[in-house]
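These are the residues of each chain, in order.
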Amino acid sequence: MRLLVTGGLGFIGSNFIRHFLARNPAARVVNLDLRTYAGNPANLAGLAAGRRYRWVRGDIADPAAVDRAMKGADAVVHFAAETHVDRSILDASAFLRTNVVGTQVLLDAALRRRVGRFVHVGTDEVYGSVARGLSREGDVLAPNSPYAASKAAADLLVRSYTVTHGLPAVITRASNNFGPYQYPEKALPLMITNWLGGRPFPLYGDGRNVRDWLFVLDHARALELVLRKGRPGEIYNIGGTHSCDNRGLIDAVRCVMGVGPELVRRVPDRPGHDRRYALDCGKLKALGFSHAYDFKAALRLTVEWYRAHEPWWRPLKAAGGYRAYYRAQYARRLGGPRGR
Ligand code: DAU
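On a predicted model such as this, the values are computed, not experimentally measured, just so you know. (Residues numbered from 1 in each chain as written. Predicted model: local features only at pLDDT ≥ 70, side-chain atom pairs only at ≥ 80, totals over all residues. Heavy atoms only, no water.)

Our next topic: the overall build of the protein chain. The helix and strand inventory of the protein chain stands at twelve helices and twelve strands. Rg of the C-alpha trace for the protein chain: 19 Å, near the compact-globule value of 20 Å for 340 residues, within the 12% margin. Residues counted as buried form 56% of the 340 residues belonging to the protein chain. When contacts within the protein chain are restricted to residue pairs at least 6 apart in sequence, long-range pairs at least 24 apart make up 83% of them. The average position of the 50 basic charges and that of the 29 acidic charges among the side chains of the protein chain differ by 4 Å. (Helix = DSSP H or I, 4+ residues; strand = E, 2+ residues; numbered from the N terminus. Rg over C-alpha atoms; globule rule 2.2 N^0.38 Å. Buried < 20%, exposed > 50% of the residue type's maximum accessible area, 1.4 Å probe, protein only. Contact = heavy atoms within 4.5 Å. Lys, Arg positive; Asp, Glu negative; His and termini not counted. Charge placed at Lys NZ, Arg CZ, Asp CG, Glu CD.)

Here we have three strands laid out as an open sheet, ordered 7-9-11, and mixed in their pairing. Strands with a single pairing partner mark the edges of an open sheet, and in this sheet they are strand 7 (176–178) and strand 11 (242–245). Sheet twist, expressed as the average angle between the axes of neighbouring strands with direction ignored, equals 40°. With four bridges joining them, strand 9 (residues 210–215) and strand 11 adopt antiparallel strand pairing. If you follow R211 over to strand 11, its bridge partner there is C244. Sheet strands in contact with helix 7 (residues 216–229) are strand 7 and strand 9, and its direction is about 70° off that of strand 9. (Pairing = 2+ DSSP bridges. Axes fitted to C-alpha atoms, helices over the stretch in contact; angles between N-to-C directions.)

A word on the packing of helix 4 (residues 93–112) against helix 5 (residues 146–165). At a closest axis distance of 8 Å, the pairing of helix 4 and helix 5 adopts a crossing angle of 15°. If you check the angle between helix 4 and helix 5, you find them roughly parallel. The hand of the helix 4/helix 5 crossing is right-handed. Here F95, N99, V100, T103, Q104, L107, D108 and L111 of helix 4 come into contact with helix 5, specifically with Y147, S150, K151, A153, A154, L157, V158, Y161 and H165. (Parallel < 35°, antiparallel > 145°, perpendicular 65-115°, else oblique. Left-handed = near helix turned anticlockwise from the far one by under 90°.)

Let us now look at the site of the ligand. Looking at the ligand, there are 26 residues lining it, with D124, E125, Y147, R270 and Y330 nearest. The side chain of N176 places a nitrogen or oxygen atom 2.8 Å from an oxygen atom of the ligand. Here the shell around the ligand takes four residues from strand 8 (residues 201–204), the largest share from any one element. Grouping the constituent residues of the shell around the ligand by class yields eleven nonpolar, eight polar and seven charged. (Near = heavy atom within 4 Å. Polar contact = N/O pair within 3.5 Å; in protein donor to acceptor, adjacent residues only side chain to side chain. Nonpolar A, V, L, I, M, F, W, Y, C, P; charged D, E, K, R; others polar.)

Below, the discussion takes up the packing of aromatic side chains. Considering all chains together, one arrives at 17 aromatic pairs under this definition. Considering the side-chain rings of F16 and F79, the 5.4 Å spacing of their centres and the 50° angle between planes classify their relative orientation as tilted. In this pair, F16 is assigned in helix 1 (residues 11–23) and F79 in the loop between strand 4 (75–78) and helix 3 (85–90), connecting sequence segments 63 residues apart. Neither residue differs from the other here; F16 and F79 are each classed as buried. Measuring from centroid to centroid gives 5.6 Å for F178 and F295, while their planes differ by 65°, and the two rings are edge-to-face. Note that F178 is positioned in strand 7 and F295 in helix 10 (residues 295–308), a separation of 117 residues in sequence. Classification of F295 as buried rests on a relative accessible area of 5%. Feature note: the residues Y37, Y183, Y204, Y322, Y326 and Y330 constitute an aromatic cluster, connected by ring pairs. The ring of Y37 has R87 lying over it, and the distance from NZ or CZ to the ring centre is 3.8 Å. The lysine or arginine in question, K283, covers the ring of Y236, its NZ or CZ lying 5.1 Å from the ring centre. (Phe/Tyr/Trp six-rings, centres within 6.5 Å; stacked < 30°, edge-to-face > 60°. Lys NZ or Arg CZ within 6 Å of the ring centre and 35° of its normal.)

By themselves, these figures tell us nothing about what the structure is for.
In structure tokens:
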């Protein structure tokens, strides 16, 4: 199978590419990635460019670049997106351009190139906060952050191309991913790397927001299954194995790392902070999916990975762009420019 992967230098995309090439010796992957702040060639440093793998630097909102990259592809797995909720609150423009316009450009190219399958990688945040029960694929979308709204818009575009043009696309909606190579702005890698540096983790609000944690390699397995067996026009939720609030997550990581309570600092809440996400994954299970990773074991593995890969994350946190973002996001909340 010849696959076009978008955003393959990012956290989930790079884990997916490594998984997919290892499992499919005859497969070839072209990785179209602009290399924005969160796209990092070091995420795929072990993969030499050659017949089986090639990185093409390009913007998914650029029709010519997309059309060239899609030539000869049997299928597309579309990860490329701006994904950080807090950044979308500071400035939503990049989210609209990449997540919405970029998706439309890809969909048009997929139609022209007659690709056999288009997997649109989405998020459970499109359902909004669910006070109780589980979100099902047919539920009304109620996104609350600019990020979630841009992903909901992209989902609806994909849906419209399946209905109107018959594009064989499937949509996935995953819960919170964690694992190696996650950029250290998201809660879990921020917590781990701050603690490895003896700095506090800034906990938003009362810390009672509930998330469902999915190990990134289970996500990669689920995506491969949907790519092969998912029905065109369908949506598949991809949830994790461990639901907890942020205080529970902190306790779990503290237990693995042996960190004391003084390294948690409560800070003002994220505006519009969704209280709870929870997914019904019956459709994915009916396709034959079961998780391969236990939460605690995967969390230990993740902490160990960050411990062993300081040369991967230190430069990211020391870069001017990261420091400027961190200051804009946390300095006032933490009461000064410390806490890097
Ligand atoms: O649910 C899937 C989504 O999960 C993905 O679509 C998003 O791309 C991904 O960023 C993630 O969104 P969240 O907002 O849930 O993830 P984040 O890691 O930013 O935050 C997780 C929880 O931790 C959330 O309740 C906010 C809280 N948090 C986060 C940060 C960065 C803190 O308390 N302090 C922090 O500094």
